[in-house]
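Chain by chain, the residues run as shown.
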Amino acid sequence: MENAMIRVRMSAGDAHYGGNLVDGAKMLQLFGDVATELLIRHDGDEGLFVGYDDVQFLAPVFAGDYIEAVGKIVKVGNSSRKMEFEARKVIKPRPDLNDSACDVLEEPVVVCKASGTCVVPKDKQRNK
């Protein structure tokens with residue numbers, strides 16, 4: 001099955017809580033974008049996200065962090081597509097050193113995992 005990945009830097013505008021903490025819903029937004037790419041690649045259509053059956057927030061995300069969101073289709077039905085997602089922190093800021101210092105993490109930190117189902121109606125599936 002195909003995989004998709006996006007990498008984005010969390011901005012000050014993404015911070016929702018004290019200490020520049022980013023709302024966990026931002027990870028779900030990234031997973032939605034990954035799911036859309038997977039559906040376009042698989043079916044030629046953006047499809048619709050039906051719902052998540054599991055979401056785990058595993059580590060905090062802060063403004064300035066670089067997050068890599070990955071996903072894959074793990075099961076294909078007539079119109080449903082079961083997917084799994086993982087978001088990893090790959091770069092973090094180092095304000096203790098100076099206001100522009102950052103570190104590339106030797107090992108990415110998994111910040112969120114999820115699985116869910118998307119649907120592409122049969123009449124919109126173009127890639128057979």
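Computed from a predicted model, the values in this text were never measured in an experiment.

Trainee: Could you clarify how one ought to interpret the pattern of salt bridges in this entry?
Mentor: A pair can form between side chains of opposite charge whenever their charged atoms are brought close. Counted under the stated rule, the structure contains 10 salt bridges. Across the salt bridge formed by Asp65 and Lys89, the nearest N and O atoms sit 3.2 Å from each other. A residue pair is termed long-range when its members are at least 10 positions apart, and Asp65 in the loop between β4 (48–57) and β5 (66–76) and Lys89 in strand β6 (residues 80–93) qualify at 24 residues. As far as burial versus exposure is concerned, Asp65 and Lys89 are alike and both buried. Linked through salt bridges whose partners overlap, the residues forming this network are Arg7, Glu68, Glu86 and Arg88.

Trainee: Would you take a moment to explain the packing of aromatic side chains for this structure?
Mentor: Each aromatic ring pair is characterised by the separation of its centres together with the angle its planes make. Scanning all chains against the criterion turns up 4 aromatic pairs. When the centroid spacing of 5.1 Å and the interplanar angle of 20° are considered together, the rings of Phe31 and Phe85 count as stacked. Of the two residues, Phe31 is situated in helix α1 (residues 25–43) and Phe85 in strand β6; the sequence distance between them amounts to 54 residues. For Phe31, a relative accessible area of 0% puts it in the buried group. Judged by its relative accessible area of 4%, Phe85 is buried. Centre to centre, the rings of Phe49 and Tyr52 are 4.6 Å apart; their planes meet at 35°, and the pair counts as tilted. According to the relative accessible area criterion, Phe49 is partly exposed, its value standing at 29%. Judged by relative accessible area, Tyr52 falls into the partly exposed class, the value being 29%. Aromatic ring contacts, followed pair by pair, group Phe31, Phe49, Tyr52 and Phe85 into a single cluster.

Trainee: So what exactly am I meant to see when it comes to the pairing of strand β7 (residues 102–119) here?
Mentor: Looking down a regular strand, the side chains alternate between one sheet face and the other. Both β4 and β7 contribute to a ladder of 8 bridges, which runs antiparallel. Bridge pairing in β7 links Tyr52 to Gly116. As defined by bridge partners, β6 adjoins β7 across 13 bridges and the pair is classed as antiparallel. Residue pairing for β7: Lys92 is matched across the bridge by Asp103.

Calculation criteria
- Residues numbered from 1 in each chain as written.
- Predicted model: local features only at pLDDT ≥ 70, side-chain atom pairs only at ≥ 80, totals over all residues.
- Heavy atoms only, no water.
- Salt bridge = Lys/Arg side-chain N within 4 Å of Asp/Glu carboxyl O.
- Helix = DSSP H or I, 4+ residues; strand = E, 2+ residues; numbered from the N terminus.
- Buried < 20%, exposed > 50% of the residue type's maximum accessible area, 1.4 Å probe, protein only.
- Phe/Tyr/Trp six-rings, centres within 6.5 Å; stacked < 30°, edge-to-face > 60°.
- Pairing = 2+ DSSP bridges.

Keep in mind these values describe shape, not function.
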